[in-house]
Amino acid sequence: MEKKLRHSKQRDMIYNYLVSTKEHPSADMVYDHLRPDNPNLSLGTVYRNLKLLEEMGMIRKVSTVQNVERYDACCSDHAHFVCQKCGCVKDLNVLNTQAGREACDVPEEDQVMWMNVIFGGICSACQN
């Protein structure tokens, strides 16, 4: 039997922040952004709610070059560019799952449910 998840103002607040930004924030960044207006918010609460939102399919985790998990409220298949110098994460174009499957030579018998493509390098801002 599936446990019913109760409504949480803190979860809504975290999700709304993720939807409102293109930064792909880490848990620490979410906490630092929300804490000034929410002094009772704990970093543990942020981590727990990010995990829940990910499990619910409302956000995606983006692993970065610095091994810091970042979060994205856009759950459509798309690629990311991660700067190995400043750590910024940028959205790239929407991916065609079939084209990605063919490019990576995924066996036909394997069912692709989602893709996560990350390009790493130095962003234009850090190059200048």
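Structure: above.
Trainee: Would you mind going over the overall build of the chain with me for this structure?
Mentor: What the chain contains, in helices and strands, is five helices and five strands. Helices and strands appear in the chain in the N-to-C order α-α-α-β-β-β-β-α-β-α. Taking all contacts inside the chain whose residues are at least 6 apart in sequence as the whole, residues at least 24 apart take part in 46%. Roughly 8700 Å² of accessible area belongs to the chain as shown, and the carbon and sulfur atoms make up 51% of that amount. Between the mean site of the 15 positive side-chain charges and the mean site of the 17 negative ones, the chain shows a separation of 10 Å.

Trainee: Mind showing me how you'd approach the pattern of salt bridges here?
Mentor: Two side chains carrying opposite charge are able to pair once their charged atoms lie near each other. Within this structure, the stated rule accounts for four salt bridges. Its salt-bridge partner being Lys61, residue Glu54 comes within 3.6 Å of it at the nearest N-O pair. The residue Arg101 makes a salt bridge to Glu108 at a minimum N-O spacing of 4.0 Å. Looking at Arg101, the relative accessible area reads 9%, which means it is buried.

Trainee: Whenever I open this one, the state of the cysteines confuses me. Can you help?
Mentor: Two cysteines, two sulfur atoms, one covalent bond between them: this is a disulfide. For the coordinates displayed, the defined rule picks out zero disulfides. Summary of cysteine pairing: Cys104 is not part of a disulfide, and the nearest cysteine sulfur, belonging to Cys74, is at 19 Å. A relative accessible area of 61% places Cys104 in the exposed class.

Trainee: So what exactly am I meant to see when it comes to the pairing of strand β3 (residues 78-83) here?
Mentor: The side chains of a regular strand alternate, residue by residue, between the two faces of the sheet. Taken across its six residues, β3 has six buried, putting it largely inside the fold. What you see with β3 is no split at all: His78, His80 and Val82 on one side and Ala79, Phe81 and Cys83 on the other are buried throughout. As defined by bridge partners, β3 adjoins strand β4 (residues 89-94) across four bridges and the pair is classed as antiparallel. Note on β4: the bridge partner recorded for Phe81 is Lys90. Linkage of β3 to β4, two consecutive antiparallel strands, is achieved through a turn of five residues, within which Gly87 is found at a positive phi near 85°. Judged from the five bridges that link them, β3 and strand β5 (residues 117-121) form a sheet pairing that is parallel. Counted as the bridge partner of Ala79 is Val117 from β5.

Quick notes on the rules
Here the residue index of a chain counts from 1 through its sequence in written order. With pLDDT at 70 or above as the cut-off, local features in this predicted model cover only qualifying residues; side-chain atom pairs require 80 or more to be listed or tallied, and sums for whole chains, interfaces and linings still use all residues. Only hydrogens and water are removed before side-chain values are computed, so all heavy atoms of the structure are retained for them. In DSSP terms, a helix is any run of H or I states spanning at least four residues, a strand is any run of E spanning at least two, and both are numbered starting from the N terminus. The contact rule is simple, with two residues in contact once any of their heavy atoms fall within 4.5 Å. A 1.4 Å probe and the Shrake-Rupley method give the accessible areas. Residues count as covered only by the protein chains that appear here. Counting rule for charge: Lys and Arg are taken as positive, Asp and Glu as negative, and neither His nor the chain ends is counted. A charge is said to be at NZ when it belongs to Lys, at CZ for Arg, at CG for Asp and at CD for Glu. Think of a salt bridge as a Lys or Arg side-chain nitrogen and an Asp or Glu carboxyl oxygen that are within 4 Å of each other. Per-residue accessibility, obtained with a 1.4 Å probe over protein chains only, is compared with the maximum for each type, and a residue is labelled buried under 20%, exposed over 50%, and partly exposed between these values. Two cysteine sulfurs form what is called a disulfide whenever their separation falls within 2.5 Å. Any two strands between which DSSP finds at least two bridges are classified as paired.

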